[in-house]
Amino acid sequence: MAAGFSGHWAFAFGLLGNIVSFMVYLSPIPTFYQIYKKKTSEGFQSVPYVVALFSAMLWIYYALLKSNATLIITINSVGCFIETIYICFYLFYAPKKERIPNVLGFSFGVLQMALYVKYRNVGKMSEQKLPSDNIRITS
């Protein structure tokens with residue numbers, strides 16, 4: 001009975017954590033509304049949004065390694081989506097000199113991480129031994 005009770009508390013606090021995390025992901029909306037109204041990034045930096053994107057990606061990677069981590073995967077998938085929109089929005093309104101040539105490098109880096117996640121276990125083929133029947137051939 002105690003294990004079930006603590007399981008309910010863990011789920012409740014996990015859900016509460018997801019709600020708070022969702023609000024944190026939405027907190028830059030006033031900043032981006034200001035950028036949209038003025039049609040310029042006004043010296044705002046993109047670094048916090050890139051860091052938040054990579055943080056969400058790392059949490060998803062952790063959740064894939066862990067069992068029973070549905071809440072972690074859901075909120076961080078939403079976070080990756082939101083942060084990607086923020087970064088694209090920032091790049092659209094950033095002055096040309098602030099659109100670091102690393103935009104291409106950033107894109108390739110994200111692609112490289114996605115390919116790594118997809119193909120990380122291809123080279124590690126588990127050794128499967130064929131069942132050996134102990135058949136004795138006698139003549």
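Cut-offs applied
- Residues numbered from 1 in each chain as written.
- Predicted model: local features only at pLDDT ≥ 70, side-chain atom pairs only at ≥ 80, totals over all residues.
- Heavy atoms only, no water.
- UniProt positions renumbered as here; feature names shortened; annotations may be inferred.
- Helix = DSSP H or I, 4+ residues; strand = E, 2+ residues; numbered from the N terminus.
- Buried < 20%, exposed > 50% of the residue type's maximum accessible area, 1.4 Å probe, protein only.
- Arc of directions from axis to C-beta.
- Contact = heavy atoms within 4.5 Å.
- Phe/Tyr/Trp six-rings, centres within 6.5 Å; stacked < 30°, edge-to-face > 60°.
- Lys NZ or Arg CZ within 6 Å of the ring centre and 35° of its normal.

**Structural notes on the UniProt feature "transmembrane region" (unreviewed entry) in the chain**
Link 1 in the chain: Using the residue numbers shown here, the UniProt feature "transmembrane region" (unreviewed entry) corresponds to residues 6–26, 47–65, 71–93 and 100–119.
Link 2 in the chain: Within residues 47–65, the helical portion is 100% and the strand portion 0%, while the C-alpha atoms at the span's ends are 27 Å from each other.
Link 3 in the chain: In residues 71–93, helix accounts for 100% and strand for 0%; the two terminal C-alpha atoms are 33 Å from one another.

**Describing unusual backbone geometry**
Link 1 in the chain: Phi angles above zero are rare outside glycine, and glutamate 42 is one such case at about 50°.
Link 2 in the chain: Assignment of secondary structure puts glutamate 42 in the loop between helix H2 (29–38) and helix H3 (47–65).
Link 3 in the chain: Classification of glutamate 42 as partly exposed rests on a relative accessible area of 34%.
Link 4 in the chain: Non-glycine residue asparagine 68 carries a positive phi angle of around 60°.
Link 5 in the chain: On the secondary structure map, asparagine 68 appears in the loop between H3 and helix H4 (70–93).

**Quick notes on H2**
Link 1 in the chain: For H2, the complete set of buried residues consists of Thr31, Phe32 and Ile35. Along the long axis of H2, the arc covered by the buried residues comes to 90°, so they all point the same way. Away from its buried face, by an angle of more than 90 degrees, H2 presents the exposed residues Pro30, Tyr33 and Lys37.
Link 2 in the chain: Looking at the packing, one finds that the buried side of H2 touches H3 and H4.

**Observations regarding the packing of aromatic side chains**
When we look at a pair of aromatic rings, we describe it by the centre distance and by the angle of the planes.
Link 1 in the chain: Inspection of the entire model under this criterion finds nine aromatic pairs.
Link 2 in the chain: Taking 4.8 Å as the distance between ring centres and 5° as the angle between the ring planes, the aromatic pair formed by phenylalanine 32 and tyrosine 86 counts as stacked. Here phenylalanine 32, found in helix H2, pairs with tyrosine 86, found in helix H4; they are 54 residues apart in sequence, far enough to count as distant.
Link 3 in the chain: Looking at tyrosine 86, the relative accessible area reads 7%, which means it is buried.
Link 4 in the chain: Consider the rings of tryptophan 59 and tyrosine 62, whose centres lie 5.6 Å apart with planes at 85°: the pair is edge-to-face. Of the two residues, tryptophan 59 and tyrosine 62 are both situated in helix H3; the distance of three residues between them amounts to about one turn of the helix.
Link 5 in the chain: Tryptophan 59 gets classed as partly exposed once you look at its relative accessible area, which sits at 43%.
Link 6 in the chain: Residue tyrosine 62 is classed as partly exposed on the basis of its relative accessible area, which comes to 38%.
Link 7 in the chain: Site record: aromatic cluster; members linked through ring pairs are Phe32, Tyr36, Tyr49, Tyr86, Phe89, Phe92 and Tyr93.
Link 8 in the chain: Here the basic side chain of lysine 39 rests over the ring of tyrosine 36, its NZ or CZ set 3.9 Å away from the ring centre.

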